[in-house]
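Structural overview for review
Here is how the chains run, residue by residue.
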Amino acid sequence: LETKPLDDLSWIFRARMPWAEVVTDFHDSLKNITAGYGSFDTKEADPPLQSATLSKVDIVLNGDVVDPLAFVCHKDVAQGQARSVCDRLKEVLPRQQFVTVIQAKADGKIIASSRLSAYRKDVLTTGGSKAVGGGDVTRKKKLLEKQKKGKKRQQSSGKVTLSQAAFNSVISRTSS
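Description of the structure in this document.

Conventions used here
Residues numbered from 1 in each chain as written. Predicted model: local features only at pLDDT ≥ 70, side-chain atom pairs only at ≥ 80, totals over all residues. Heavy atoms only, no water. Helix = DSSP H or I, 4+ residues; strand = E, 2+ residues; numbered from the N terminus. Pairing = 2+ DSSP bridges. Axes fitted to C-alpha atoms, helices over the stretch in contact; angles between N-to-C directions. Contact = heavy atoms within 4.5 Å. Expected span 1.5 Å × (residues − 1). Buried < 20%, exposed > 50% of the residue type's maximum accessible area, 1.4 Å probe, protein only. Arc of directions from axis to C-beta. Core = buried A, V, L, I, M, F, W, Y, C linked by side-chain atoms within 4.5 Å. Parallel < 35°, antiparallel > 145°, perpendicular 65-115°, else oblique. Left-handed = near helix turned anticlockwise from the far one by under 90°. Nonpolar A, V, L, I, M, F, W, Y, C, P; charged D, E, K, R; others polar.

Remarks on unusual backbone geometry
Within the chain, Asn-62 stands out as a residue other than glycine whose phi angle is a positive 50 degrees. With respect to the helices and strands, the residue Asn-62 is situated in the loop between β3 (54–61) and β4 (64–74). At Asp-107, a position not held by glycine, the phi torsion is positive, near 55 degrees. Along the chain, the position of Asp-107 falls in the loop between β5 (100–106) and β6 (109–116).

This is the structure we're talking about:
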């Protein structure tokens, strides 16, 4: 980073930065910080291309890879960006009757994970009145076990659909 003052109010900053960072974040941040007065000019660096350690991050919902949400970023920031995408997905996805597992994978490893809890429905009560009153506890346990098996079966076959609004809110860089 090189800085040089032009006069009392103006400065020149010279820096090398990845083009992806300029395109997605830098321009918006510069305009926001300087209240629209800041500007920047770009030119190709002297050695135009430099090698970098990048990794592709795949987003996985209940074991299914969601290709449109995959992104490529530098390995150093992959975990932070993956965690932020998982957290945003957790906020925008609707709850299901089963647990939804949201994971981010990079280089074959899970680098971020989040769980969206299932709706809880008490099978021992129906419509506010008691379906299973007092008496034998084994009957209650039998009903709860039956519900547990059904939820497990539903989770293994359940598909999570991503609405267009949820997709747009996840891929936008600015947090709303």
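Description of the sheet that holds β5
Here 4 strands make up an open sheet; going across it, the order is β4-β3-β5-β6 and the pairing antiparallel. The open sheet has two edge strands, β4 and β6, and neither has a second partner. For this sheet, the mean inter-axis angle between neighbouring strands, taken without regard to orientation, is 20 degrees. Judged from the 7 bridges that link them, β5 and β6 form a sheet pairing that is antiparallel. Note on β6: the bridge partner recorded for Val-101 is Arg-115. Running over the sheet, helix α2 (residues 78–92) touches β3, β4, β5 and β6 and is turned about 20 degrees from β6.

Describing α2
With 15 residues, α2 should cover 21 Å at 1.5 Å per step; its first-to-last C-alpha distance of 21 Å lies within 8% of that length. Where α2 is concerned, the buried positions are Ala-78, Gln-81, Ala-82, Val-85, Cys-86, Arg-88 and Leu-89. The buried side chains of α2 occupy one side of the element, clustering within an arc of 165 degrees when seen end-on. Next to the buried residues of α2 lie β3, β4, β5, β6 and α4 (164–171).

Some words on α4
Of the residues making up α4, those classed as buried are Ala-166, Phe-167 and Val-170. Along the axis of α4, the buried positions cluster into a sector of 100 degrees, meaning they face one direction only. The outward face of α4, more than 90 degrees from its buried face, is lined by the exposed residues Gln-164 and Ala-165. Looking at the buried side of α4, the elements it contacts are β4 and α2.

So, the nonpolar core
In globular proteins that are soluble, nonpolar side chains generally tend to be buried together. Of all hydrophobic cores here, the largest spans 23 residues; its most connected members are Val-57, Leu-89 and Ala-104. Breaking this core down by element, the ones donating at least two residues are β3, β4, α2, β5, β6 and α4. Of all the elements, α2 adds the most residues to this core, at 5 residues. Ignoring any residue separated from it by four or fewer positions in sequence, one finds Ala-104 in contact with Val-57, Asp-58, Ile-59, Ala-82, Cys-86, Lys-109, Ile-110, Ile-111 and Ala-112.

Structural notes on the pairing of strand β2 (residues 11–14)
Judged from the 4 bridges that link them, strand β1 (residues 2–5) and β2 form a sheet pairing that is antiparallel. Note on β2: the bridge partner recorded for Lys-4 is Ile-12.

Let's talk about the packing of α2 against α4
Between α2 and α4, whose axes approach to 9 Å, the crossing angle comes to 150 degrees. Comparing the axis directions of α2 and α4 gives the class roughly antiparallel. You can see that α2 and α4 cross each other, and the crossing is right-handed. On the side of α2, the interface is formed by Val-85, Arg-88, Leu-89 and Val-92, while α4 contributes Ala-166, Ser-169 and Val-170. Its residues placed into classes, the contact of α2 with α4 shows 5 nonpolar, 1 polar and 1 charged.

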